[in-house]
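Listed below are the residues making up each chain.
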Amino acid sequence: MISRRNWVIAGAAGIAGFAGGIAWWHGQKKVTNEVAPPFTPDAAFPNRLHVPGAQGLYGVHDVAGAFTLAAKSVKQEIIPGKSATLLAYEVESQGRRLLNPLIRLRSGGKINAKLWNGIDETSIIHWHGLRVDSNNDGHPHYSVAAGATYEYNFSVPNRAATYWYHPHPHHLTGKQVYLGLGGLFIVEDDEELALQKALDLKLGVTDIPLVLHDRHIDEQGQLVFAPTDDEKADGVLGSQVLVNWTPRPYFEASTRIYRFRLLNASNARLYKLAFRNGGQLLDFQLIGNDGGLIDNPRKIREVFLSPAERVDLLLDLRNVRVGEAITLTSVAFDPMEHEDGRPAMEKPGETAKPADSGTHGVHGNDANQDTGAAPLTPDTQVKSNIPGIGMAMELLRIHVRRQEGYDRAVPETLSRITPIAANCASPRVIYLDHVKMVWRINGETYQPEKTPITVKRSATEVWNIRNAETSMPHPFHIHGFQFQILERIGSPGQQKKLALNDKGLAASDLGWKDTVLVWPGETVCVVIDFAHPFNGDQVYMIHCHNLEHEDQGMMLNMKVEA
Ligand code: C2O
Ligand code: CU
Ligand code: CU
């Protein structure tokens, strides 16, 4: 038996995971600081945040040799006390059973992995953000049937960063991700290890990955994936946001710096993230994006995160008093769903309908929103128990529980980003629009045998990714290459407000990116260096990472000609 006191301490150190948390506790160094009196989490956030640990869901798999990812149906509680069926990648790692493991390795390391497809439909794994050849990229062309396997063999030349892996079979990506498949892939290098050392960061304890996805969960605690025609066109939204698969989560912290690595793994939901203490938004530092650390930390208060994007954040809790709570929030914004040609309705102050637990933490506009009104689309009102994109939502309660003597400073230089020399004068244009609710890229939808985009190996190309006025926000993604954002043109006010320079770039646009949010009416100019070390032609893809858009065909093959 474990005493209540120990349990609280284990939680305060962020060690406890699902089932395996207690056993793992014994190996940890003792927490000597005084613990605040026993505390009961507030009713809105009753569940301890699940964090990557030694086993189970998101258990850490340090790569050492070959391993097998078995895609299968598993039992796992999402709502406490209710067993749910999830799809997950199961991995045996030194006698431990991991589900959707957090795969960790050194830059330059090798992956020798086998996918065994134990679900009842075709599937394939894509390594999002990694620079691999076509055969290892998980292009839908390589999908394997139920019961079949696929062998991956590649090295990872990427910089240290938080990447991820997820299924990519055509028409089924949204469904399979929604039902559970996917995990984090963390690459480390010397710069990264130096940062961990400087700030005394430990994965799962003070370096906390936060995977966001919204889901609809029924009375029995089961995931419901039943998109309506509207959702198939616009994207599937859930009634509640899970963080690391935890509904309404809390996290116990001490007065020090924490690192939060956020991945938006939602099918379609955008977030505008902020940390709130009472009525006030806190400053935090953005230190990295999709492709790893940026040059210098940037102090900000809000950041957009669209599907598939990652941000790496530092939150300093040293000036927060023990007993106070900080809330990771998605603050209100204009969803800009203008696909039917009508601008969003101006309806400031509207709140989501209070109903079952599913709508917890959903608020109307708070006085502290500097964005002003968050208009709701007519759509939002129809699906009354599903908060529309752009409505304020509380995601995670962070309880500051312990005083800690912590005396570290954030390094002023994190990395060196060499800008790719280029300008936006004569770009290739990538145009995003729709006809009759079919989303297109350059007027086309995905045809497996067609390759509408051809580039030359080692070419440096500038692309203007232009979204139609009558459109939705599209998170645009390129396989196989990280790119740099040169400029945002025609950005909406809520994006412009976050700009740090005269090119309209926000902190989340700096450094290396593999996915970029493009608002209706906006053009994002990016530069891509198509150099790669592989033999022969390579076929990758470009697509919108709204998974329903992707599944409906907002995706094209891209050949890199040798
Ligand atoms: Cu994460 Cu083709 O995408
Ligand atoms: Cu990808
Ligand atoms: Cu899209």
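Shown above is the structure to which this text applies.
Quantities reported herein were computed from a predicted structural model and do not represent experimental measurements. (Residues numbered from 1 in each chain as written. Chains lettered and ligands numbered in written order. Predicted model: local features only at pLDDT ≥ 70, side-chain atom pairs only at ≥ 80, totals over all residues. Heavy atoms only, no water.)

(A) Inspection of the overall build of the chain at higher detail. The number of helices and strands found in the chain is eight helices and 36 strands. Counting only residues that meet the buried cut, the chain has 62% of its 562 residues in that class. A separation threshold of at least 6 residues defines the contact pool for the chain, and within that pool the share at least 24 residues apart is 80%. Of the roughly 20700 Å² that the chain leaves accessible, carbon and sulfur atoms contribute 49%. (Helix = DSSP H or I, 4+ residues; strand = E, 2+ residues; numbered from the N terminus. Buried < 20%, exposed > 50% of the residue type's maximum accessible area, 1.4 Å probe, protein only. Contact = heavy atoms within 4.5 Å. Areas by Shrake-Rupley, 256 points an atom, 1.4 Å probe, with all protein chains shown as cover.)

(B) Representation of the packing of aromatic side chains in the model. One pass over the full model with this rule turns up 19 aromatic pairs. With 5.0 Å between their ring centres and 70 degrees between their planes, Phe-304 and Trp-519 make a pair best called edge-to-face. You can see Phe-304 sitting in strand E22 (residues 303-305) and its partner Trp-519 sitting in the loop between strand E33 (515-518) and strand E34 (523-529), a full 215 residues away along the chain. Take Phe-304: its relative accessible area is 5%, and that puts it in the buried class. Residue classification places Trp-519 among the buried positions, given a relative accessible area of 0%. Ring pairing ties together the aromatic residues Tyr-89, Trp-127, Tyr-142, Tyr-150, Tyr-152, Phe-154, Tyr-165 and Phe-185, which thus form one cluster. Geometry around Tyr-178 places Arg-215 over its ring, the cationic atom sitting 4.4 Å from the centre. (Phe/Tyr/Trp six-rings, centres within 6.5 Å; stacked < 30°, edge-to-face > 60°. Lys NZ or Arg CZ within 6 Å of the ring centre and 35° of its normal.)

(C) Quick look at the pattern of salt bridges. Tallied over the entire structure, the rule returns 35 salt bridges. A salt bridge links Arg-106 to Asp-190, with the shortest nitrogen-to-oxygen separation between them at 2.8 Å. Remark: Asp-190 occurs in helix H4 (residues 190-199) and Arg-106 occurs in strand E7 (residues 102-106); sequence separation between them is 84 residues. On the accessibility criterion, Arg-106 (41% relative accessible area) is partly exposed. When the shortest N-O distance is used, the salt bridge between Glu-309 and Lys-513 registers 2.7 Å. Taken together, the residues Glu-309 in the loop between E22 and strand E23 (310-316) and Lys-513 in the loop between helix H7 (493-496) and E33 connect sequence positions 204 residues apart. Accessibility classification places Glu-309 together with Lys-513 in one group, the buried group. One connected set of salt bridges, linked through shared partners, spans Glu-192, Asp-207, Arg-259, Arg-261 and Asp-312. (Salt bridge = Lys/Arg side-chain N within 4 Å of Asp/Glu carboxyl O.)

(D) Quick peek at the coordination of the copper ion (ligand 3). Every protein donor of the copper ion (ligand 3) is accounted for by His-474 (ND1), Cys-544 (SG) and His-549 (ND1), and the metal-donor separations fall at 2.0 to 2.1 Å. Written as a sequence motif, the donor arrangement for the copper ion (ligand 3) is H-x69-C-x4-H. With His-474 in strand E31 (residues 474-478) and His-549 in helix H8 (residues 547-551), this residue pair connects regions lying 75 residues apart in the sequence. Assigned by exposure class, His-474 and His-549 land together as buried. (Donors = N, O, S within 2.8 Å, 3.2 Å for Na, K, Ca; no water.)

(E) Molecular detail of the state of the cysteines. Tallied over the entire structure, the rule returns one disulfide. Two residues share a disulfide in this structure: Cys-424 and Cys-525, whose sulfurs sit 2.1 Å from each other. When the S-S torsion is -105 degrees, as for the bridge of Cys-424 with Cys-525, the disulfide is left-handed. Placement of the pair is Cys-424 in the loop between strand E26 (392-402) and strand E27 (428-435) and Cys-525 in strand E34, with a sequence separation of 101 residues. (Disulfide = S-S within 2.5 Å.)

(F) Layout of the nonpolar core. If you look at the biggest cluster of nonpolar residues, it comprises 75 residues, and the most contacted ones within it are Leu-262, Phe-275, Ile-398, Trp-463, Phe-476, Ile-542 and Met-558. The leading source of residues in this core is E26, at five residues. Ile-398 has contacts with Phe-251, Ala-253, Phe-260, Phe-275, Leu-315, Leu-317, Glu-324, Ala-325 and Ile-326, leaving out every residue within four places of it along the chain. If you look at the next biggest cluster of nonpolar residues, it comprises 54 residues, including Ile-111, Ala-113, Leu-179 and Ala-265. (Core = buried A, V, L, I, M, F, W, Y, C linked by side-chain atoms within 4.5 Å.)

(G) The side chain of Lys-513, seen in detail. Given the relative accessible area of 1%, Lys-513 is considered buried. Of note is the side chain of Lys-513, whose polar atom sits 3.2 Å from the side chain of Asp-290. Within the structure, Lys-513 has its side chain in polar contact with the side chain of Glu-309 (distance 2.7 Å). Ignoring anything within four residues of it in the chain, the contact list for Lys-513 reads Asn-289, Asp-290, Glu-309, Phe-481, Gln-482, Phe-483, Ile-485 and Ser-508. (Polar contact = N/O pair within 3.5 Å; in protein donor to acceptor, adjacent residues only side chain to side chain.)

(H) Seen up close, the coordination of the copper ion (ligand 2). Within the protein, the atoms that donate to the copper ion (ligand 2) are His-126 (NE2) and His-477 (NE2), at distances of 1.9 Å. A residue pair is termed long-range when its members are at least 10 positions apart, and His-126 in strand E9 (residues 125-128) and His-477 in strand E31 qualify at 351 residues. On the basis of relative accessible area, His-477 is assigned to the buried category, the value being 0%.

(I) The sheet that holds strand E14 (residues 240-243), seen in detail. Strand order in the open sheet formed by seven strands is E15-E14-E13-E17-E23-E20-E21, with mixed pairing between adjacent strands. In the strand order of this sheet, the two ends are held by strand E15 (246-247) and strand E21 (292-300), each with one partner. Along the sheet, H4 makes contact with strand E17 (257-264), strand E20 (284-289), E21 and E23, crossing E17 at roughly 135 degrees. (Pairing = 2+ DSSP bridges. Axes fitted to C-alpha atoms, helices over the stretch in contact; angles between N-to-C directions.)

(J) Representation of the environment of Arg-256 within the structure. Note that Arg-256 resides in the loop between strand E16 (249-254) and E17. For Arg-256 and Leu-317, which are 61 residues apart along the polypeptide, the C-alpha to C-alpha distance reads 5.2 Å. Beyond its immediate chain neighbours, meaning those up to four positions away, Arg-256 contacts Leu-199, Asp-200, Leu-201, Thr-206, Leu-315, Asp-316, Leu-317, Arg-318, Glu-404 and Tyr-406. Here the side chain of Arg-256 touches Asp-200 through a polar contact of 2.9 Å, landing on its backbone oxygen.

(K) Local environment of the sheet that holds E9. Taken in spatial order, the five strands line up as E3-E7-E12-E11-E9 in an open sheet, and their pairing is mixed. Each edge of the open sheet carries a strand with a single partner, namely strand E3 (60-62) and E9. Between one strand axis and the next, the sheet turns through 25 degrees on average, direction left out of account.

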